[in-house]
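Residue-level listing of the chains:
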Protein chains: 2
Amino acid sequence: MPVGLGPLPVLHPVPGFRLGIASAGIKRAGRKDVVVMEAAPGSVIAGVFTTNAFCAAPVTLCKQHLAHHPRYLLVNTGNANAGTGKPGMQAAVRTCEALAELVQVGPEQVLPFSTGVIGELLPADKIIAVLPQALANLAESNWAEAAEGIMTTDTLPKGCSRQISLGGQTVTITGISKGAGMIRPNMATMLGYIATDAKIAPPLLQRLVKEAADLSFNRITIDGDTSTNDSCMLIATGQADMVEIIDYASADYRALSDAVKGVMLELAQAIVRDGEGATKFVTIQVNGGGNQDECLDVAYAVAHSPLIKTALFASDPNWGRILAAVGYAGVPELNVEKIDVYLDEVCITRQGGRAADYTEEQGARVMGQEEITIRIELGRGQHSETLWTTDLSHEYVRINAEYRT
Amino acid sequence: MPVGLGPLPVLHPVPGFRLGIASAGIKRAGRKDVVVMEAAPGSVIAGVFTTNAFCAAPVTLCKQHLAHHPRYLLVNTGNANAGTGKPGMQAAVRTCEALAELVQVGPEQVLPFSTGVIGELLPADKIIAVLPQALANLAESNWAEAAEGIMTTDTLPKGCSRQISLGGQTVTITGISKGAGMIRPNMATMLGYIATDAKIAPPLLQRLVKEAADLSFNRITIDGDTSTNDSCMLIATGQADMVEIIDYASADYRALSDAVKGVMLELAQAIVRDGEGATKFVTIQVNGGGNQDECLDVAYAVAHSPLIKTALFASDPNWGRILAAVGYAGVPELNVEKIDVYLDEVCITRQGGRAADYTEEQGARVMGQEEITIRIELGRGQHSETLWTTDLSHEYVRINAEYRT
């Protein structure tokens, strides 16, 4: 049961960006498993990708094609085309070539994305066979269908949309995402596609997607595993009637940046809310660090501790486990006597020890909630980091142990 | 159910080292929860401790006392005396003073150890009250009782004993350990006590315990959490009729070192075998690394991946998860095309892709075993590292989620 994740909100069309869906029967017959996205001529596309050394063939291709003014994105579910060697790369290339020929662009103008089972060869022919079907229903209004079309083991489609005013013009930012663990059993991947009709210079768009991913998709964790296929793409069609944003310090950049970051954060958090077996949505905030890295080290130590995650599942305010995780996070010369820890507004640890006025009842009340913030004050400096995670439930073990059986 | 862990073997007495047991009723009435160990005058004691910044009061005291020719070790279960601030430190000091007065040594000659619930004040008076009882039954033959006396949530006591011949004399190495996760819910700690009657110079003994711990207690992981109380002590009474070992390059040092390392490895592995909810005992061996660190990074990435651990629980030869973990371990410029992965003797991945001759049946056969070796060949150099871990089962979640309820 997703935590605080409802039906899709209204997803505003983005002028110049169309989406088409098809069923290729890659893993199951009748399922929508192919999505084609088309960006109008003149669009700019930027992206960030998994850092996993075993990145999948489509990720390698995407990185190469990004420099060649891509116009099309081709997504399939049911097969990750990862760990498939040269035949996998050839299959990915073939799908790009087939789509390119149908729409009369160069093959390097197609960005391929695959998600699903690792280690099985991509059934390129099945995908190629349904490309005309996907192209035939390309429409700017197809965001919701596309959100479903990129799902694998997600229990709900994920989307977010905002409109802002830039120079008196309405500019739209709409995005979809998928993923229900950082990596599913054999099902790899977190994917995100966000489009806007804003006009923005390519270097700024690349900077924006990197900054926004670092505050969203790169700040969520379910089980600490990093997929071979993770990709997040930001497309700007430039169809809005506005002056191109070329200055990082401009008000327009700031406004667009805030909106894009807001959309991407909501898309990323939706993945956590739909996390495997999740019963809790947990915000981990680390303040007072001497630098960003030590804030992140502490936050990840807490987020990845199976003991804390099982305590969250059990609604058990087990503050000793949080202290222990902070203690082994590897922060150099950590002075534990400066550390305060809060569950929401309840101070459970003050100056490294149990807070004198803390009662188990206060802690149990917060831990009983579906949404919980663990706040750690390090007392070392001015830096902060926040990330989002889930608990570790019986259901997580069941999903991941029984997936292939 | 522990994996491959039987009743205690014969634990040979170590001349010059006596153990006494008492029941203080710290957490439960009638349970043996206090152990006193006495090393004869002239003994040398060396140790390694948790690196957790939130180390418990007794750990801090132990480190201070080690320089003062300690003669007594005082262990209590039921309370970790961690996260207890100044009152906790005062309580630990009081127990040392009380034992010191009874046996007429300085308080700094007592090493205190606590394991149990975090964050509750140590009931020093209860411990002090039973010290005469523990002293009254001090005996060299009490190893098995002491192994039970230091248990908390362990399902079985853990001990190991070896005898070797040095210069025609029999030398004994006997040890006990406790721990069933790297850290239990509120129950902290891995503890190890190994004694020998060998004569060895203090600097060599310290070097030996560090080396041996790095190959044993520092190479096991159940959930990646590092306790606030972990301690491993090596005691040499010097009562064997032999020439003192003063040379690191000597045959005697090598023989003693091999035996101590063997005992400590068996004690450490026993903790994994008794790991929380463990159904599998898993050896992770990484060969062909460019240095030790990258071998360890890969081994820990595999050992800590919840996806791999649940696949082990499910006996599912899910090689894609292993590849993904190797890929995100952070090895710089990893060439995935050089990587081979084996389950026992079955090659599942060759040159970064699924081995051509691999069948699911072969993988399933190995994964169905209780003891499994995952071997990863990096093809980058000559370094190797090995560590030991367990699977992640429903029972792990149950134990850790329901511990305090």
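Residues numbered from 1 in each chain as written. Chains lettered and ligands numbered in written order. Predicted model: local features only at pLDDT ≥ 70, side-chain atom pairs only at ≥ 80, totals over all residues. Heavy atoms only, no water.

- Named according to an unreviewed UniProt entry, chain A is Arginine biosynthesis bifunctional protein ArgJ originating from Pseudomonas jilinensis.
- Chain A has a UniProt comment under Function (unreviewed entry) that states "Catalyzes two activities which are involved in the cyclic version of arginine biosynthesis: the synthesis of N-acetylglutamate from glutamate and acetyl-CoA as the acetyl donor, and of ornithine by transacetylation between N(2)-acetylornithine and glutamate."
- Note on chain A: under the UniProt heading Subcellular location (unreviewed entry), the record states "Cytoplasm". (UniProt positions renumbered as here; feature names shortened; annotations may be inferred.)

1. With respect to unusual backbone geometry
Leaving glycine out, the prevailing phi sign among residues is negative, and the prevailing peptide bond configuration is trans.
All names here are of chain B.
Right, on to step 1. Backbone geometry places Asn81, a non-glycine residue, at a positive phi of 50 degrees.
Right, on to step 2. Judged by relative accessible area, Asn81 falls into the buried class, the value being 1%.
Right, on to step 3. A positive phi is found at Glu333, a non-glycine position, where the angle reads about 50 degrees.
Right, on to step 4. In this fold, Glu333 is placed in the loop between helix H9 (319-327) and strand E12 (340-343).
Right, on to step 5. Judged by its relative accessible area of 78%, Glu333 falls in the exposed class. (Buried < 20%, exposed > 50% of the residue type's maximum accessible area, 1.4 Å probe, protein only. Helix = DSSP H or I, 4+ residues; strand = E, 2+ residues; numbered from the N terminus.)

2. Re the UniProt feature "binding site: substrate" (unreviewed entry) in chain A
Residues and elements named next belong to chain A.
Right, on to step 1. Taking the numbering used here, the UniProt-annotated feature "binding site: substrate" (unreviewed entry) corresponds to Thr152, Lys178, Thr189, Glu276, Asn400 and Thr405.
Right, on to step 2. Take Thr152: it is sitting in the loop between helix H4 (143-149) and strand E6 (158-166).
Right, on to step 3. The exposure class of Thr152 is buried, given its relative accessible area of 9%.
Right, on to step 4. Mapping Glu276 onto the fold places it in the loop between helix H6 (251-273) and strand E11 (281-289).
Right, on to step 5. By relative accessible area, Glu276 is classed as buried at 1%.

3. Here we look at the interface of chain A and chain B
Right, on to step 1. Facing 50 residues of chain A, the contacting portion of chain B comprises 50 residues.
Right, on to step 2. Buried surface at the junction of chain A and chain B, summed over both partners, amounts to about 4000 Å²; 62% is from carbon and sulfur atoms.
Right, on to step 3. Counting across the chain A and chain B interface gives 0 salt bridges.
Right, on to step 4. Our count for the contact surface shared by chain A and chain B stands at 4 residue pairs in polar contact (both at pLDDT 80 or more).
Right, on to step 5. When residues of the side of chain A that touches chain B are traced back to their parent elements, those giving at least two are helix H8 (306-313), helix H9 (319-327), strand E14 (353-354) and helix H11 (394-402) of chain A. (Contact = heavy atoms within 4.5 Å. Buried area = accessible area lost by both parts, 1.4 Å probe. Salt bridge = Lys/Arg side-chain N within 4 Å of Asp/Glu carboxyl O. Polar contact = N/O pair within 3.5 Å; in protein donor to acceptor, adjacent residues only side chain to side chain.)

4. With respect to the environment of A:Pro203
Right, on to step 1. Summarising the element assignment, A:Pro203 is placed in helix H5 (residues 202-214).
Right, on to step 2. Expressed as a C-alpha distance, the spacing of A:Pro203 and A:Ile246, which sit 43 residues apart in the sequence, is 8.7 Å.

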